[in-house]
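# A closer look at the structure
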There are 2 protein chains.
Amino acid sequence: MSNRTRQQLVETTSRLLERQGYHGTGLNQIVRESGAPRGSLYYYFPEGKEALVAAALAEQGDRMRRFTSTILSEIEDAVEAVDRVVERLIEFFSVSEHCGGAPLAAVALETSASSERLRTTCADAYQGLIDVFAQKLTQAGYPLQQAQVLATTIVAGIEGAVILSRTQQSTLPMEQVRAALHTLLTQAALAQRC
Amino acid sequence: MSNRTRQQLVETTSRLLERQGYHGTGLNQIVRESGAPRGSLYYYFPEGKEALVAAALAEQGDRMRRFTSTILSEIEDAVEAVDRVVERLIEFFSVSEHCGGAPLAAVALETSASSERLRTTCADAYQGLIDVFAQKLTQAGYPLQQAQVLATTIVAGIEGAVILSRTQQSTLPMEQVRAALHTLLTQAALAQRC
DNA sequence: GTCTATATAGAGATAGAC
DNA sequence: GTCTATCTCTATATAGAC
């Protein structure tokens, strides 16, 4: 079936990129671990590796955005909602055996200087995620500019915390950043009321 | 001369790792761009690529720690001192044509699952940097646990901001995170006085 | 849609001369 | 300390059969 094989390739690529990066992930490994037919890769992605990776990154960006958006819509209080997002990410990080959590970061760092296509794909994915947080914060009454600063800081803090947690093989950095973001959002809200 | 060639290899490796990551940086390229004699690589690093990269990462960690420590010791007020560190990093990011600023992150993400040696080297480097910030904050009167949370958040925020700034080719994310860290540290200090 | 075979290039690493 | 030559492996990509 057409979309089935293609989807296997994209999902396997996403998974491998997350722990090996762009240059560390070979097409042979992708084909092998996906179980997809060997001859299908260049049928679905005639432009080769870069196109396959771009598709995987875009899908990961969508997944992250939907995941975040769902949680933010379920909890009315903005501070608690952001807290819950980070808590859920910590859970995912734990079950991934301390090797997941930043599906875009490695590729972004490796390729931002060499591939415009992959760089912009990552940029769009990050911006989509930032927008989701910013929208929640503006709806909660934060001024627009402050909401944008805070949303960027949330995403940056999470990405950085994942890097630290992966190198330390511990959830502690993510827990610490979660606490700090809670403080930041709470006191920003307080300052705005006074 | 002995140390001269070795140093050329290490410095070139550091520079290439920063924008290409571990698997994207080949030994041939390192030798070529360093201008070091081709035959010297395995003389200075008999254990091969992993050892060379580990040396480069350790040196980058030291460099970052010294850079930060110097600035923090020059400015008495802790909040202003941290602000100044981020400002200086933004300057470096600008002159690197939006491709530098996170010398450890790419390798950390690529290899944390496959190389204990590189993972722990990155972990040690990050911890050294966190300790420098934490020490400044405790000296400024922040309680120990709060200082550790804030120090981790500073480093995580910076690393995440660099990722965003590189993908967006703009200093804006770093500026935004700088502002947010300023708010966080100021209000944490206020809360502690009341 | 999928296969195998292959082209071409580059990787990391080793041996042995100098 | 440094050189060249070479080994082996793997990479991406393509061609052409089925």
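Below, the structure is looked at part by part. None of these values were measured; they are calculated from a predicted model. (Residues numbered from 1 in each chain as written. Chains lettered and ligands numbered in written order. Predicted model: local features only at pLDDT ≥ 70, side-chain atom pairs only at ≥ 80, totals over all residues. Heavy atoms only, no water.)

### What about the interface of chain A and chain B?
At the interface, 47 residues of chain A touch 47 residues of chain B. In total, chain A and chain B occlude about 3800 Å² of area from one another, counting both sides; carbon and sulfur atoms represent 68% of this. Across the chain A-chain B interface, the total number found is zero salt bridges. Our count for the contact surface shared by chain A and chain B stands at eleven residue pairs in polar contact (both at pLDDT 80 or more). Sorting the residues of the side of chain A that touches chain B by element identifies helix H1 (2-20), helix H6 (105-111), helix H7 (116-139), helix H8 (144-168) and helix H9 (172-193) of chain A as the ones contributing at least two each. Among the elements that make up the side of chain A that touches chain B, the one with the highest residue count is H8 of chain A (15 residues). The residue inventory of the side of chain A that touches chain B, partitioned by class, reads 23 nonpolar, 17 polar and seven charged. (Contact = heavy atoms within 4.5 Å. Buried area = accessible area lost by both parts, 1.4 Å probe. Salt bridge = Lys/Arg side-chain N within 4 Å of Asp/Glu carboxyl O. Polar contact = N/O pair within 3.5 Å; in protein donor to acceptor, adjacent residues only side chain to side chain. Helix = DSSP H or I, 4+ residues; strand = E, 2+ residues; numbered from the N terminus. Nonpolar A, V, L, I, M, F, W, Y, C, P; charged D, E, K, R; others polar.)

### As for the packing of helix H5 (residues 78-95) of chain A against H8 of chain A
All names here are of chain A. For the pair H5 and H8, interaxial distance at closest approach is 12 Å and the crossing angle is 25°. Taken together, the axes of H5 and H8 lie roughly parallel to each other. As for the relative orientation of H5 and H8, their crossing is right-handed in sense. Contact residues: Val82, Val86, Leu89 and Phe93 in H5; Ile154, Ile158, Ser165 and Arg166 in H8. (Axes fitted to C-alpha atoms, helices over the stretch in contact; angles between N-to-C directions. Parallel < 35°, antiparallel > 145°, perpendicular 65-115°, else oblique. Left-handed = near helix turned anticlockwise from the far one by under 90°.)

### Quick look at the side chain of aspartate 83 of chain A
Here aspartate 83 of chain A is to be found in helix H5. Once residues within four sequence positions are removed from consideration, aspartate 83 of chain A is found in contact with Arg178 and His182 of chain A.

### Brief notes about the pattern of salt bridges
Under the criterion given, the structure shown has 20 salt bridges over all chains. Among the salt bridges present, the one from arginine 84 of chain B reaches glutamate 91 of chain B, with a minimum N-O distance of 3.8 Å. Judged by relative accessible area, which is 29%, arginine 84 of chain B ranks as partly exposed. Salt-bridge contacts for glutamate 175 of chain B lead to arginine 178 of chain B; the nearest nitrogen and oxygen are separated by 3.8 Å. Here glutamate 175 of chain B pairs with arginine 178 of chain B, and both are found in helix H9 (residues 172-193), just three residues apart, close to one helical turn. It is possible to trace a salt-bridge network through shared partners that takes in Arg84, Glu87, Arg88 and Glu91 of chain A. (Buried < 20%, exposed > 50% of the residue type's maximum accessible area, 1.4 Å probe, protein only.)

### Some remarks on the packing of helix H7 (residues 116-139) of chain B against helix H8 (residues 144-168) of chain B
Residues and elements named next belong to chain B. Direction vectors running N to C along H7 and H8 enclose 130°, while the axes themselves pass 8 Å from each other. On the basis of the axis angle, H7 is oblique to H8. In this structure, H7 crosses over H8, and the sense of that crossing is right-handed. In contact with Tyr126, Leu129, Ile130, Phe133, Ala134, Leu137 and Thr138 of H7, H8 contributes Leu144, Ala147, Leu150, Ala151, Thr152, Ile154, Val155 and Glu159.

### Focus on the relation of the copies chain A and chain B
Of the transformation superimposing chain A on chain B, the axial component is 0.0 Å and the angular component is 180°, with the fit at an RMSD of 0.0 Å. As the rotation angle and translation indicate, the two copies are arranged about a two-fold axis. In this assembly the copies share their binding face: 100% of the residues contributing to the interface of chain A also contribute to that of chain B. (Least-squares fit on C-alpha atoms with pLDDT ≥ 70 in both.)

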